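The chain contents come next:
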Amino acid sequence: MKVVFKLMGLTTLLSNVLVSFSLLASNATFIGSESCIDCHSEQVSAWQGSHHDMAMRHATSDAVLGDFNDAVFSHNGEDNRFYRKDNEYWVNIQEPNDGYSDYKISYTFGFEPLQQYMVEFPDGRIQLIPFAWDSRDKKEGGQRWFHLYPDQTIHDEFYWTNTGQNWNFMCADCHSTNLQKNYDIESDTYQTSWSEINVSCEACHGPAEHHVKWANNDQNQRINHFGFDRDLSQAVEEWVIKEGHSTLQPKNIRQTHQVQTCAQCHSRRTQLTDSRDYDHVQGSFFDRYRLNLVSSELYYHDGQIYDENYVYGSFLQSQMAEKGVTCTNCHDPHTAKLKIPQEAVCLQCHVASEYHSPKHTMHKMGTEAAQCTTCHMPETTYMQVDPRRDHSWHVPRPDLSQHINTPNVCLDCHQSEGKDNQWATKKLIEHFPNSKYLNQQHFAVAFYADAIGHRGAEGALSMIAQDHSQAPIIRASALERMAGNAGNNTTVALARAVKNDDEMLRVASIAGSAGYDWQDRWKMLSPLLDDPVLAVRSDAAGALVFYWSQLSSEQKAQLTPALNDYIMIQEFNADRGFGRTNLGNVYASQGDYQTAINWYKGSIIIEPYFENAYVNLADVYRRLSDEDMVISTLQQGVTNQPNSHAIRYSLGLSYMRQDDYKNAAEQIGQAAEMAQHNPQYWYLYGLLLEQTNVKQADDALSKSYALSNNPEMLYARCEVLARNYSQAGISTRYQTCLSELSKIAPKNVIDQLESTRATSQ
């Protein structure tokens, strides 16, 4: 009987485990936060009124904070009126055609330090108006209307009726629960749905159907995570003192789902799908999202935040992430506020005797300057009134700032006193003579070298990409920046990255391989076509489909399944110009030009300010030898997006193909002025100017070389001057150029230029 009892117990246990896995495997239903109140009143009470609760609301008197009592806000000399009509909130606002119309406010967005407002259009679009309510106290400058983007025009992505202010694409996935975008490509309309309008319990915990069944089960079956499909606990259960460390260390680190759950919204990323077949929590974050890495558009060279990145990209750079710190080590998950006072948060792990004293802070205790966050989590203000802290916890490096012009907190306070980076570096060395940080090698130098086109950048990026002491996001960012390189160092780094266990490195290696010819790139990337992670295999397919006409039938068959994934992602994002343009690129690569043209034209219709659609459509017409349509397309692009240097450059090339060098020089010159730092633009502009103004040609070619450090561009400059040596004022310029070239070019090259000069006289 005893043995039978044990077997029965084991059977029951196995049954419970099977129940657990079967429940997790099924698609549980979202049932609403009302189901949580009875059992979790304390948590619900903490959540109510939080940023998550107020993320989005219907525009009712309980939600609207702004002044809609016939308030008037003037912008560019025009009045915009905010008023009420019965129980509704309305705004009279400018439209793209410069007329004014009345719109009903349907939803509120956030609540502090500002609140935004949204209007709904008949096609299902929900757009954020450009005026926000500053909800801060009046003594802080609040309680006023202000324009979020005062300098924008209808050609800008973030003009209020354009896609940059479209809630369905830009905001909905993070501000509501169980969001389904439901965009229809054919009709260009939305039927977006949600379970709850705001960020409710199930947005983080997942669908609660099985949890409620578990809670209502008298026997309380043993089900993993109480019926939820995710583990939101902290990764470290115990922090301990270890010899040689002045901070507490994790006793052990276990994998939980907390950080990836938070990262869904607290990250700068592109959504790949909203299908529940792709789970960023149970699987890879890259199964549902493509994280933006540390690029020059979002971060300074040393990884400090520049544009909004919503925390995750910064956090992944930190030692905190490496040590197993999770969001709830610092933040209460329901109020979203700090769990304990600010200084005490850091002192949970950082021993007070070492870190909470003037010997570490270098400032008087109790002052703002002595706060941990002042030096290690500097604030950047976005949307004019919303300060966000950097979560990479960098150590201030004025020694780096001195050379690569990155900001640092020392000068944030002391620059007004006339202090500089040299002063700050000297002070830190005096105070921390044994610091492991000062004068330490830093990935910022490699990133800066790449940004300025330094010849040593390739090797430096390769070293960073293979340096296991660097955070994976930094290694991946180095790989991504290798695009265009194809030297031995790059080859070694990429060959290792495509086999790395970390999907972030694998996906970054795809962009990094862009400098190779198609055969080498196929060898490098084709193994990724079977990658288990959606972003990896789809990105690989998106890169390799450009070589479709050169692939064998076997290679095409190998590419097709992953390419179908790539197409699925672009169709999901076909409400944006980039999605439709990427689809056009696929069909253009496959030689189906008419389908490609249709996708490009569709991109222009829904997003007429998206420059890539014009450039790529013109390229298809060029392949079809229809130069008139090339010109027409690019002229339309200049009209609809006058700020695009890429469109003007392409238009200039088209004029060159038709021997219209005057118009070519005009367009390429404007492109060079707009881009400023594109050496290719200045190079071609300089060559075009040779026939009309040699001195201006020399200036342009000189700028091209200064930007690129490319000896070929310096040679081109000298050659132009040699051909025109007899013109007044050119001889001195030529001698200066020749002297500079002589330092890096062999004698036969110099002799050839001298021969050209002699012939021209």
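Source: prediction; values computed, not measured.

This part covers the overall build of the protein chain. The secondary structure content of the protein chain amounts to 35 helices and 17 strands. Relative to its length of 761 residues, the protein chain is compact, with a C-alpha radius of gyration of 30 Å against a globular reference of 27 Å. Principal-axis analysis of the C-alpha atoms gives the protein chain an extent of 110 × 65 × 65 Å. Counting only residues that meet the buried cut, the protein chain has 49% of its 761 residues in that class. Pairs at least 24 residues apart make up 54% of the contacts formed inside the protein chain by residues separated by at least 6 positions. By element, 50% of the accessible surface of the protein chain is carried by carbon and sulfur atoms, the whole surface being about 37200 Å².

What follows is about the pattern of salt bridges. Throughout the structure, instances matching the rule amount to 36 salt bridges. K359 is the partner of E354 in a salt bridge, and the nearest nitrogen-oxygen pair spans 4.0 Å. Take E354: its relative accessible area is 36%, and that puts it in the partly exposed class. The salt bridge partner of R537 is D565, with a shortest N-O separation of 2.7 Å. With R537 in helix α23 (residues 534–544) and D565 in helix α24 (residues 553–572), this residue pair connects regions lying 28 residues apart in the sequence. Just as R537 is buried, D565 falls in that class too.

Another aspect to go through is the packing of aromatic side chains. As enumerated under the stated definition, the model contains 27 aromatic pairs in all. Geometrically, the ring pair formed by F68 and F82 is edge-to-face, given 5.9 Å between the ring centres and 85° between the ring planes. With F68 in the loop between β1 (56–58) and β2 (71–75) and F82 in strand β3 (residues 78–85), the pair connects residues that are 14 residues apart, well separated along the chain. In this pair, the class of F68 matches that of F82, namely buried. Centre to centre, the rings of F68 and Y117 are 5.5 Å apart; their planes meet at 80°, and the pair counts as edge-to-face.

On to the pairing of strand β16 (residues 379–382). As judged from the 4 bridges shared by β16 and strand β17 (residues 386–389), these two strands associate in the antiparallel manner. The residue bridging E379 from the neighbouring strand is R389, located in β17. Between β16 and β17, which pair antiparallel in sequence order, lie 3 residues; one of them, M383, sits at a positive phi of approximately 50°.

What follows is about the domain arrangement of the protein chain. By a frequent convention, interface size equals the accessible area lost on bringing the separate parts together. As far as domains go, the protein chain holds domain 1 (54–198) and domain 2 (230–397). The C-alpha-based centres of domain 1 and domain 2 are spaced at 30 Å. Across the domain 1/domain 2 interface, buried area totals approximately 1100 Å², and carbon plus sulfur atoms make up 51% of it. For domain 1, the biggest contributors to the area lost against domain 2 are P113, D173 and C174; these three give 42% of the whole. Seen at the junction of domain 1 and domain 2, the total is 1 salt bridge. In this structure, D173 and R269 form a salt bridge, with 2.7 Å as the shortest nitrogen-oxygen distance. Where domain 1 packs against domain 2, one counts 6 residue pairs in polar contact (both at pLDDT 80 or more). Taken together, the elements giving at least two residues each to the side of domain 1 that touches domain 2 come down to β6 (114–120), β9 (144–147) and α4 (172–175). Looking at the side of domain 1 that touches domain 2, the element that brings in the most residues is β9, giving 3 residues. Tallied by class, the residues present in the side of domain 1 that touches domain 2 amount to 7 nonpolar, 4 polar and 5 charged.

The next subject is the side chain of Q667. Following the sequence through the fold, Q667 ends up in helix α30 (residues 661–675). Residue class for Q667 comes out buried when judged on its relative accessible area of 10%. Dropping the residues within four chain positions of it, Q667 is found in contact with R648, L651, G652 and Y655.

If you walk through the whole model with that rule in mind, you get 1 disulfide. In this model C718 forms its disulfide with C737; the gap between the sulfur atoms is 2.0 Å. Because the torsion about its S-S bond is -100°, the bridge between C718 and C737 counts as left-handed. Linking C718 in helix α33 (residues 711–723) with C737 in helix α34 (residues 730–742), this pair joins segments that are 19 residues apart in sequence.

With that settled, the discussion passes to the nonpolar core. In this structure, I473, L479, L559 and L563 are the most contacted members of the largest nonpolar core, which totals 69 residues. Counting residues per element, this core draws most heavily on α23, which supplies 7 residues. Excluding its chain neighbours within four sequence positions, the residues that come into contact with L563 are A541, V545, W548, V586 and Q590.

To continue, consider the UniProt feature "domain: Doubled CXXCH motif" (unreviewed entry) in the protein chain. Mapped onto the present numbering, the UniProt feature "domain: Doubled CXXCH motif" (unreviewed entry) falls at residues 324–351. Here residues 324–351 is 18% helix and 0% strand, with 18 Å between the C-alpha atoms at its ends.

One turn of an α-helix holds 3.6 residues; hence residues three or four places apart share an orientation. Those residues of helix α16 (residues 421–431) that fall on the buried side of the exposure criterion are N421, A424, T425 and L428. Taken end-on, α16 shows its buried residues confined to a sector of 100°, consistent with a single buried face. The outward face of α16, more than 90 degrees from its buried face, is lined by the exposed residues Q422 and K426. For α16, the secondary structure elements touched by its buried residues are α14 (398–404) and α15 (409–414). Sitting at the amino-terminal end of α16 is D420, which places a side-chain oxygen 3.3 Å from the backbone nitrogen of Q422.

To continue, consider helix α32 (residues 694–708). With 15 residues, α32 extends 21 Å from end C-alpha to end C-alpha; this agrees with the ideal 21 Å at 1.5 Å per step. If you follow the buried residues of α32, they end up packed against α31 (679–689), α33 and α34. Structurally, the start of α32 carries an N-cap: the backbone nitrogen of K695 is 3.2 Å from a side-chain oxygen of N693. Where α32 terminates, the next one or two residues include N709, which has phi positive at roughly 60°.

Mapped onto the secondary structure, W167 falls in helix α3 (residues 167–170). In this structure, the C-alpha to C-alpha distance between W167 and K181, residues 14 residues apart in sequence, is 9.9 Å. Setting aside its immediate chain neighbours within four residues, W167 contacts M56, F109, M118, I126, L128, A172, S176, L179, T192 and W194.

What follows deals with the packing of helix α18 (residues 457–465) against helix α20 (residues 488–497). It is at 8 Å that the axes of α18 and α20 come closest, and there the two elements cross at 20°. Comparing their axes, α20 and α18 come out roughly parallel. Remark: the crossing between α18 and α20 carries left-handed chirality. Counting all contacts with α18, which are made through E458, G459, S462 and A465, the residues of α20 involved are N488, N489, T490 and A493. Considered class by class, the residues forming the contact of α18 with α20 number 2 nonpolar, 5 polar and 1 charged.

In this section: the packing of α33 against helix α35 (residues 747–760). Axes are the key here: two packed helices are described by the angle between their axes and the distance separating the axes. For the pair α33 and α35, interaxial distance at closest approach is 7 Å and the crossing angle is 25°. It follows from the interaxial angle that α33 and α35 lie roughly parallel. Residues Y715, C718, E719, A722 and R723 of α33 lie in contact with α35, whose contacting residues are V749, Q752, L753, T756, R757 and S760. Per-class residue counts for the contact of α33 with α35 are 5 nonpolar, 3 polar and 3 charged.

Rules behind the numbers
Residues numbered from 1 in each chain as written. Predicted model: local features only at pLDDT ≥ 70, side-chain atom pairs only at ≥ 80, totals over all residues. Heavy atoms only, no water. Helix = DSSP H or I, 4+ residues; strand = E, 2+ residues; numbered from the N terminus. Rg over C-alpha atoms; globule rule 2.2 N^0.38 Å. Buried < 20%, exposed > 50% of the residue type's maximum accessible area, 1.4 Å probe, protein only. Contact = heavy atoms within 4.5 Å. Areas by Shrake-Rupley, 256 points an atom, 1.4 Å probe, with all protein chains shown as cover. Salt bridge = Lys/Arg side-chain N within 4 Å of Asp/Glu carboxyl O. Phe/Tyr/Trp six-rings, centres within 6.5 Å; stacked < 30°, edge-to-face > 60°. Pairing = 2+ DSSP bridges. Domains from an automatic or database assignment. Buried area = accessible area lost by both parts, 1.4 Å probe. Polar contact = N/O pair within 3.5 Å; in protein donor to acceptor, adjacent residues only side chain to side chain. Nonpolar A, V, L, I, M, F, W, Y, C, P; charged D, E, K, R; others polar. Disulfide = S-S within 2.5 Å. Core = buried A, V, L, I, M, F, W, Y, C linked by side-chain atoms within 4.5 Å. UniProt positions renumbered as here; feature names shortened; annotations may be inferred. Arc of directions from axis to C-beta. Expected span 1.5 Å × (residues − 1). Axes fitted to C-alpha atoms, helices over the stretch in contact; angles between N-to-C directions. Parallel < 35°, antiparallel > 145°, perpendicular 65-115°, else oblique. Left-handed = near helix turned anticlockwise from the far one by under 90°.

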